[in-house]
Amino acid sequence: MRLGIFVIAILMLALTACATTAKYEKILNSWVGSEEIDLVRKWGPPQQVYESGGIKFLTYSSTRNVYIPGTAPNYTTTFIGNTAYTTKTGGSPAYNIGMQCVTTFEIMQGRIIRWRWQGNDCTAR
């Protein structure tokens, strides 16, 4: 069981080793002061647009699933007389991890003034 968890942890580390939220925030910071049209040209049309008090909010979102395969159990068979007894130890079921990132840019007078993000997949390399 511990080996399976260790393997999963190593796999997740390998998948995200270079991607960090700090690097994502650096990318977002580079957009502050840029024109809205440049953002749309690079990121595409936003999934949501909201306007209030002269400020426009452009929201981009992404979702994905990461599949973590299960690990097989170990079987031990013991013979007592003419009867075989098999016991199962360890193993783990497979599962999916839902990943999401929602990023919102605030636009005033056609320029990006600030941003915010939320989710467990807001990372960049």
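Here the structure is shown first, and the text comes after it.
Residues numbered from 1 in each chain as written. Predicted model: local features only at pLDDT ≥ 70, side-chain atom pairs only at ≥ 80, totals over all residues. Heavy atoms only, no water.

**Q** Can you lay out the sheet that holds strand S5 (residues 95-108) for me, pointing to particular residues and giving the numbers?
**A** An order of S1-S2-S5-S6 is seen for the four strands of this open sheet, with the pairing classed as antiparallel. Because the sheet does not close on itself, it has two edges, and the strands there are strand S1 (48-52) and strand S6 (111-119). Averaged over all adjacent pairs, the angle separating strand axes in this sheet is 20 degrees, with direction ignored. Relative to S5, strand S2 (residues 55-68) runs antiparallel, the two being bridged by 14 bridges. If you follow tyrosine 67 over to S5, its bridge partner there is asparagine 96. Packing of helix H2 (residues 21-31) onto the sheet brings it into contact with S5 and S6, and relative to S6 it is tilted by some 160 degrees. The strands touched by helix H3 (residues 36-43) within the sheet are S2, S5 and S6, with S2 carrying the most contacts at an inclination of about 20 degrees. (Pairing = 2+ DSSP bridges. Helix = DSSP H or I, 4+ residues; strand = E, 2+ residues; numbered from the N terminus. Axes fitted to C-alpha atoms, helices over the stretch in contact; angles between N-to-C directions. Contact = heavy atoms within 4.5 Å.)

**Q** Describe the side chain of threonine 104, naming the residues involved and giving the relevant values.
**A** Tracing the backbone shows threonine 104 in strand S5. A distance of 3.1 Å separates the side chain of threonine 104 from the side chain of threonine 59, its partner in a polar contact. If we skip the residues at most four places from it in the chain, threonine 104 touches Phe57, Leu58, Thr59, Arg114, Trp115 and Arg116. (Polar contact = N/O pair within 3.5 Å; in protein donor to acceptor, adjacent residues only side chain to side chain.)

**Q** Quick one: what's the story with unusual backbone geometry, residue by residue and with numbers?
**A** Look at glutamine 109: it is not a glycine, yet its phi comes out positive at around 50 degrees. Tracing the sequence through the fold places glutamine 109 in the loop between S5 and S6.

**Q** Now, about the state of the cysteines: what can you tell me, with residues and values included?
**A** Evaluated as defined, the whole model comprises one disulfide. In this model, cysteine 101 is linked to cysteine 122 through a disulfide, with the two sulfur atoms separated by 2.0 Å. Its S-S torsion of about 115 degrees marks the bond between cysteine 101 and cysteine 122 as right-handed, since a negative value means left-handed. Note that cysteine 101 is positioned in strand S5 and cysteine 122 in the segment after S6, a separation of 21 residues in sequence. With respect to burial, cysteine 101 and cysteine 122 carry one shared label: buried. (Disulfide = S-S within 2.5 Å. Buried < 20%, exposed > 50% of the residue type's maximum accessible area, 1.4 Å probe, protein only.)

**Q** Could you give me a rundown of the pairing of S2, with the residues and numbers involved?
**A** For S1 and S2, the ladder comprises five bridges, and the chain directions are antiparallel. Each residue of the ladder has a partner; that of glutamine 48, found in S2, is threonine 59. The turn linking S1 back onto S2 is made up of two residues, and glycine 53 within it adopts a positive phi angle of 60 degrees.

**Q** Which residues make up the pattern of salt bridges, and what are the values?
**A** If you walk through the whole model with that rule in mind, you get six salt bridges. Note that aspartate 121 and arginine 64 form a salt bridge whose closest N and O atoms lie 2.8 Å from each other. One end of the pair, aspartate 121, is in the segment after S6; the other, arginine 64, is in strand S2, and 57 residues separate them in sequence. Given a relative accessible area of 43%, arginine 64 falls into the partly exposed group. Among the charged side chains, a salt-bridge network with shared partners connects Glu106, Arg114 and Arg116. (Salt bridge = Lys/Arg side-chain N within 4 Å of Asp/Glu carboxyl O.)

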